[in-house]
Amino acid sequence: VLTEKEAEALLSSIRSMAAQGISVIFITHRLHEILAVCDKVVVMRDGHVVRDVPAKETSVEDITRWMVGRDVQQGAAAQTQGKVQRDDAKTVMSIRNLWVDMPGETVRDVTLDVKEGEILGIGGLAGQGKLGIPNGVMGLYEAGGTVEFDGQKIPLNSPRKCLDSSLAFVSEDRREVGLLLDESLEWNIAFPAMQIQDKFLKKLFGGLIKWRNEGAIRDVTNKYIQELQIKCTSSRQKAKELSGGNQQKVCLAKAFALEPKFLFVSEPTRGIDVGAKALVLEALRKFNRESGVTVVVISSELEELRQTCDRIAIISGGQVAGILPAAASSEEFGLLMVSKVI
């Protein structure tokens, strides 16, 4: 994950190598970079080459359609048009003067209100603090300030207290934090709810004796495999054997199984293909819509935030630079991004 300047330096190096006669195969999900750098575009889907065309004869829209086998833009546009304003909704989470000691992130003095039932986006340039906010609130890194949820103060630096308060978090680091890579999908999806809420357990003698309800665990796993279209051999397949997109869906399923009242989702589409991105974002919208869960999406992809969220807060220099409706222009968001950059 590079800043824009770092990314341009990398692309410039690739162009220089090509100019020296070195052949380069550039593999990426960032479609604009393909058109900016490459001479030829090869698109693969389900293990097969579906297109092989000169870069100057195609567009981002064409590549997207070939990658997923359908037009994903129509769905995104429909979601943007169907947004509901929640100006009169009550504030369900209040963050005041939050600071977080997270390597690579600057969170100095974040004050933010989240409205009940909304999807709030948090964006900004790399290192300016957006990723530190959920990690600090959920207790993964040392933090200070105050956080209130549904009228109750949430102790900082205590992940278990957050989970007990019906908060959940899908981390940006799915392999190191989000998944038990050597365990089955069943264990990944069911274990947090089992540990925190005593779900999927059989009990005797008033709960003195507990053991796993294998049938209930299998049922909930298969439910989310179907709903999220997780591509796997069975519910017992190990998480490490899945693609990045399907691993991300398992992380979402784990959070959904907790049935939280409030969900942080950090970089939900990082490193996954455009088809999986559409499914992941639609799953978040559906979860928000049907369950009434308040969702906060933290992402480096501004356009995805604009397609998914009701409002977007931009973090710059460790503070909230401003909050705009998703329909605001890219230029307005861009000005906020650089307003306090350090």
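If you're wondering where the values come from, they're calculated on a predicted model, not measured in any experiment. (Residues numbered from 1 in each chain as written. Predicted model: local features only at pLDDT ≥ 70, side-chain atom pairs only at ≥ 80, totals over all residues. Heavy atoms only, no water.)

**As for helix α9 (residues 214-227)**
Logical step 1: With 14 residues, α9 should reach 20 Å at 1.5 Å per residue; the first-to-last C-alpha distance of 20 Å fits that figure.
Logical step 2: Within α9, the full set of buried residues consists of Ile-217, Val-220, Thr-221, Tyr-224 and Ile-225. Relative to the axis of α9, the buried residues are bounded by an arc of 140° and lie together on one face. Turned more than 90 degrees from where α9 packs its buried face, Asp-219 and Gln-226 sit exposed.
Logical step 3: The secondary structure elements touched by the buried residues of α9 are α8 (185-197), β10 (209-212) and α10 (244-257).
Logical step 4: In the segment just after α9, Gln-229 is the residue with positive phi, at about 55°. (Helix = DSSP H or I, 4+ residues; strand = E, 2+ residues; numbered from the N terminus. Expected span 1.5 Å × (residues − 1). Buried < 20%, exposed > 50% of the residue type's maximum accessible area, 1.4 Å probe, protein only. Arc of directions from axis to C-beta. Contact = heavy atoms within 4.5 Å.)

**Considerations on unusual backbone geometry**
Logical step 1: Unusually for a residue other than glycine, Asp-150 sits at a positive phi of about 55°.
Logical step 2: You will see that Gln-229, though not glycine, has its phi angle at about 55°, which is positive.
Logical step 3: Turning to its location among the elements, Gln-229 is positioned in the loop between α9 and α10.
Logical step 4: Classification of Gln-229 by relative accessible area gives partly exposed; the value is 46%.

**Thoughts on the sheet that holds strand β3 (residues 91-100)**
Logical step 1: Judged by pairing direction, the sheet is antiparallel, and its four strands sit side by side in the order β4-β3-β6-β7 without closing on themselves. Two strands in the sheet have a free side with no partner beyond their single neighbour: β4 (107-115) and β7 (152-153). (Pairing = 2+ DSSP bridges.)

**Remarks on the layout of surface pockets**
Logical step 1: One number sums up the size of the second largest pocket: a volume of about 1,100 Å³.
Logical step 2: Residue lining of the second largest pocket: 38 residues in total, with Thr-28, Val-42, Val-43, Met-44 and Met-67 positioned closest to the centre.
Logical step 3: Contributions of two or more residues to the lining of the second largest pocket are made by α1 (4-19), α2 (31-37), β1 (40-45), α3 (60-68), α10 and α11 (274-291).
Logical step 4: Here the lining of the second largest pocket takes six residues from β1, the largest share from any one element.
Logical step 5: Grouping the amino acids of the lining of the second largest pocket by side-chain chemistry returns 20 nonpolar, nine polar and nine charged. (1 Å grid on protein atoms, 1.4 Å probe; cavity = no way out; pocket = protein on both sides within 12 Å on 5 of 7 lines; lining within 4 Å. Points joined across faces, edges and corners; volume = space filled by probe spheres on them. Nonpolar A, V, L, I, M, F, W, Y, C, P; charged D, E, K, R; others polar.)

**Notes on the pairing of strand β9 (residues 201-204)**
Logical step 1: The sheet contact formed by β9 and β10 spans four bridges and is antiparallel. From the neighbouring strand, Lys-202 faces β10, where its bridge partner is Trp-211.
Logical step 2: Count of turn residues in the β9/β10 antiparallel hairpin: four residues, of which Phe-205 carries a positive phi of about 55°.

**Here we look at empty space enclosed by the protein**
Think of a ball as big as a water molecule: rolled over the atoms, this probe shows where empty space is left.
Logical step 1: For the coordinates displayed, the defined rule picks out one cavity of 30 Å³ or more.
Logical step 2: Roughly 30 Å³ of internal volume is contained in the largest cavity.
Logical step 3: If you trace the largest cavity, you find it lined by Pro-268, Leu-281, Val-297, Ser-299, Glu-304, Leu-305, Thr-308 and Cys-309.
Logical step 4: Counting residues per element, the lining of the largest cavity draws most heavily on helix α12 (residues 302-308), at three residues.
Logical step 5: Its residues placed into classes, the lining of the largest cavity shows five nonpolar, two polar and one charged.

**Concerning a nonpolar patch on the surface**
Logical step 1: Together, Leu-204, Phe-205, Leu-208, Ile-209 and Trp-211 make up a nonpolar patch on the protein surface, roughly 570 Å² of accessible area in all.
Logical step 2: Positionally, Leu-204 belongs in strand β9. (Patch = residues over 30% accessible without salt bridge, like charges linked within 9 Å, V, L, I, M, F, W, Y side chains within 5 Å. Areas by Shrake-Rupley, 256 points an atom, 1.4 Å probe, with all protein chains shown as cover. Salt bridge = Lys/Arg side-chain N within 4 Å of Asp/Glu carboxyl O.)

**Focus: the pairing of strand β14 (residues 319-325)**
On a regular strand, one side chain projects to one face of the sheet and the next to the other, so that they alternate.
Logical step 1: As judged from the six bridges shared by strand β13 (residues 311-316) and β14, these two strands associate in the antiparallel manner. By the bridge assignment for β14, Ser-316 is matched with Gln-319.
Logical step 2: Counted between consecutive antiparallel strands, the loop separating β13 from β14 contains two residues, among which Gly-317 sits at a positive phi close to 60°.

**Here we look at the packing of aromatic side chains**
Logical step 1: All told, the structure shown has five aromatic pairs when counted by the stated rule.
Logical step 2: On the numbers, 4.9 Å between centres and 40° between planes, the contact of Trp-187 with Phe-191 is tilted. Placement of both Trp-187 and Phe-191 in helix α8 is noted, with a separation of four residues, approximately one turn of the helix.
Logical step 3: A relative accessible area of 27% means that Phe-191 is categorised as partly exposed. (Phe/Tyr/Trp six-rings, centres within 6.5 Å; stacked < 30°, edge-to-face > 60°.)

**Concerning the packing of α10 against α11**
Logical step 1: Where α10 meets α11, the axes come as close as 10 Å, and the angle between the chain directions of the two elements is 10°. With respect to α11, the element α10 is oriented roughly parallel. Residues Gly-245, Gln-248, Lys-249, Leu-252 and Phe-256 of α10 lie in contact with α11, whose contacting residues are Ala-276, Leu-279, Val-280, Ala-283, Leu-284 and Phe-287.
Logical step 2: Partitioned by chemical class, the residues of the contact of α10 with α11 number eight nonpolar, two polar and one charged. (Axes fitted to C-alpha atoms, helices over the stretch in contact; angles between N-to-C directions. Parallel < 35°, antiparallel > 145°, perpendicular 65-115°, else oblique.)

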